[in-house]
Amino acid sequence: MSIVRGAGRLLLVIVASLAFFGAAVLSDRPEIVPPETPGPRDVGTVSTIARMAFAAIRSEEGGFVGVRAEELPSVSRVVSFSNPGLAADGRIENGALQLRGSLALATATYLNLDLAVAAHTPEELPRLYVRAGTVRFSPAAVRWLSNMGVGLIWPEPFEDAPRLSDLIEEVRVGEDFAAARIDMPIGLLRAAQRLAGRYSPDADAAARATYLRLTNFEDSFRRPASLGGLFAQAFPQDEDTVSPEEASGRLVGMIMAAYDPDFLRLVDVDAQRNPPCRGERVVVTVVGRRDLALHLLISAIFSAQRDRELGSALGEMKELSDALPGGSGFSFVDLAADRAGIRLGTLLADPKTTAEVQRHLGRGGTANLFPARALGMEEGLSEEEFERRFGRLNSEQYEAAVDRIDAALDSLPIYQDFTNG
């Protein structure tokens, strides 16, 4: 009986501790309000930083990633827009890069975070200060928690896992800039992908198999092919229903076949060590345009991987970037292809609709995927013209233009019959 009482008391202590910790960490109001929606210049700034980060992560030796103080508002706007429910803010103060965010968890429940990254050299330990709600963590506590977290997901023995000091080797902070030298092992990236549901062996295998199937044809695909025809080959009607993971892999294989075999590297961090055999590239178009097929396929991949909101945000930001000088201009036609791909990927990822959509795709026909009337929508808008006519992405004028795209998509049976909104 004493054991039962002891277990009951321990349970009460655990529940009370969790309740206290939750009350200290969570809040009924956000500390950061969402910034305004990003404009073309914001997207261009963040694209440059992202390319720098991507190069550092992909490099076996690591590399520096930096940001200027004047760029942080752009980063905050893009990050907040790309992640619904998150409001972010950043600044450089007191010799540290300070990042703050408010994440909506449920109705009137927010997680407010404050992270400060101070300068340090390779001979020093990283100095990160974290506050979650009213709970403050010292640099030593942050390092311990980070090292434990990396060790838990590290695919090799725990004692061989990299430390936080291995991942963030150096931080430099000036009056108006901050830069960090990072080194991210491939094994940790793969483990993080698995944990976040961003990698599936089934999807990887399906991507490679689809790529080989589509590039080994001897006849029709040696000349320009329609996107509908390519889908019919990737999703044959006489085949059993594929899983959502395999469906997303086949979409990746289609992009590899039609545009770039190295696209697999974006979803498989080990692809550079095990590259696919290269076949002859398929030339695929939507009403004669290769760019529309790529827009549709990439958006479908994000949605098939259950990143519908991110896929939508990236499509809009890509168009904002095109509006900058030297770009092709903001295109509502491209945006229509993005939104068609988002619907298609969402349907393929839903087990309730995967089989029926696969049968639609097996019949071929690009007209079933992209509405012809969308071709009459505006494109080639410069930054100045877009802002003069539509303002920001949350304006009534812009939302009305998006509503016209959605109305055109609603007219197609594949979306009309099986999409839920």
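Presented here is an overview of the structure given in this document.

Cut-offs applied
- Residues numbered from 1 in each chain as written.
- Predicted model: local features only at pLDDT ≥ 70, side-chain atom pairs only at ≥ 80, totals over all residues.
- Heavy atoms only, no water.
- Helix = DSSP H or I, 4+ residues; strand = E, 2+ residues; numbered from the N terminus.
- Expected span 1.5 Å × (residues − 1).
- Buried < 20%, exposed > 50% of the residue type's maximum accessible area, 1.4 Å probe, protein only.
- Arc of directions from axis to C-beta.
- Axes fitted to C-alpha atoms, helices over the stretch in contact; angles between N-to-C directions.
- Parallel < 35°, antiparallel > 145°, perpendicular 65-115°, else oblique.
- Contact = heavy atoms within 4.5 Å.
- Salt bridge = Lys/Arg side-chain N within 4 Å of Asp/Glu carboxyl O.
- 1 Å grid on protein atoms, 1.4 Å probe; cavity = no way out; pocket = protein on both sides within 12 Å on 5 of 7 lines; lining within 4 Å.
- Points joined across faces, edges and corners; volume = space filled by probe spheres on them.
- Nonpolar A, V, L, I, M, F, W, Y, C, P; charged D, E, K, R; others polar.
- Core = buried A, V, L, I, M, F, W, Y, C linked by side-chain atoms within 4.5 Å.
- Left-handed = near helix turned anticlockwise from the far one by under 90°.
- Phe/Tyr/Trp six-rings, centres within 6.5 Å; stacked < 30°, edge-to-face > 60°.

1. A look at helix α4 (residues 139-153)
Relative to the 21 Å expected for 15 residues at 1.5 Å per residue, α4 spans 21 Å between its end C-alpha atoms, a close match to the ideal helical length. Taken residue by residue, α4 has P139, V142, R143, N147, V150 and G151 as its buried positions. Buried residues along α4 cover an arc of 160° about the axis, so they all sit on one side. Seen from the open side of α4, the exposed residues pointing more than 90 degrees away from its buried face are W144 and L152.

2. Considerations on the packing of helix α12 (residues 332-349) against helix α13 (residues 354-362)
Where α12 meets α13, the closest approach of the two axes is 7 Å, and the angle between their N-to-C directions is 130°. Put simply, α12 runs oblique to α13. Counted together, L344, L347, L348 and A349 of α12 and T354, V357 and L361 of α13 form the full contact between these two elements.

3. Notes on unusual backbone geometry
Positive phi, close to 55°, is recorded for N94, a residue that is not glycine. Note on placement: N94 falls in the loop between β3 (86-93) and β4 (96-106). Of the residues examined, N94 reaches a relative accessible area of 74% and is grouped as exposed.

4. Observations regarding the pattern of salt bridges
One pass over the structure, following the stated rule, counts 27 salt bridges. Close ionic contact of E31 with R131 constitutes a salt bridge, the shortest N to O distance being 2.9 Å. With E31 in the loop between β1 (26-27) and α2 (40-58) and R131 in strand β6 (residues 127-132), this pair connects stretches of sequence that are 100 residues apart. Look at R131 and you get buried, because its relative accessible area is 10%. Salt-bridge contacts for R68 lead to E70; the nearest nitrogen and oxygen are separated by 3.3 Å. Here R68 falls in the partly exposed class, since its relative accessible area comes to 42%. Given a relative accessible area of 62%, E70 falls into the exposed group. Connected through salt bridges with shared partners, the residues E31, R100, D114 and R131 form a single ionic network.

5. Observations concerning empty space enclosed by the protein
The full count for this structure, using the stated rule, is 1 cavity of 30 Å³ or more. In this structure, the largest cavity encloses a volume near 40 Å³. Contributions of two or more residues to the lining of the largest cavity are made by α8 (227-234) and α13. For the lining of the largest cavity, the class distribution of residues is 4 nonpolar, 5 polar and no charged.

6. Some details on the nonpolar core
Buried together is how nonpolar side chains tend to be arranged in soluble globular proteins. Judged by nonpolar contacts, the single largest core of 65 residues is most densely connected at L227, F231, M254, F332 and L344. In terms of residues, this core owes the most to one element, α12, which gives 9 residues. Leaving out residues up to four positions away in the same chain, F231 has contacts with L251, M254, L296, L297, L344, L361 and L369. In this structure, V67, I92, L128 and V171 belong to the second largest nonpolar core, which totals 17 residues.

7. Quick look at the packing of α12 against helix α15 (residues 396-410)
The geometry of α12 relative to α15 is characterised by a closest axis approach of 10 Å and an angle of 55° between their N-to-C directions. Viewed along their axes, α12 and α15 adopt a mutual orientation that is oblique. Here α12 and α15 pass one another in a crossing that is right-handed. Listed contacts from α15 to F332, L335, A336, R339, A340 and R343 of α12 are Y398, A401, V402, I405, D406, L409 and D410. Along the lines of polarity and charge, the residues of the contact of α12 with α15 split into 9 nonpolar, no polar and 4 charged.

8. Describing the packing of aromatic side chains
All told, the structure shown has 8 aromatic pairs when counted by the stated rule. Judged by centre distance (5.1 Å) and plane angle (55°), the ring pair of F332 and F390 falls under tilted. On the criterion of sequence distance, the pair formed by F332 in helix α12 and F390 in helix α14 (residues 383-390) is long-range, its members being 58 residues apart. Residue F390 is classed as buried on the basis of its relative accessible area of 6%. Among the aromatic residues, those joined into a cluster by ring pairs are F330, F332, F386, F390 and Y398.

The quantities given are spatial measurements derived from coordinates; they are silent on function.
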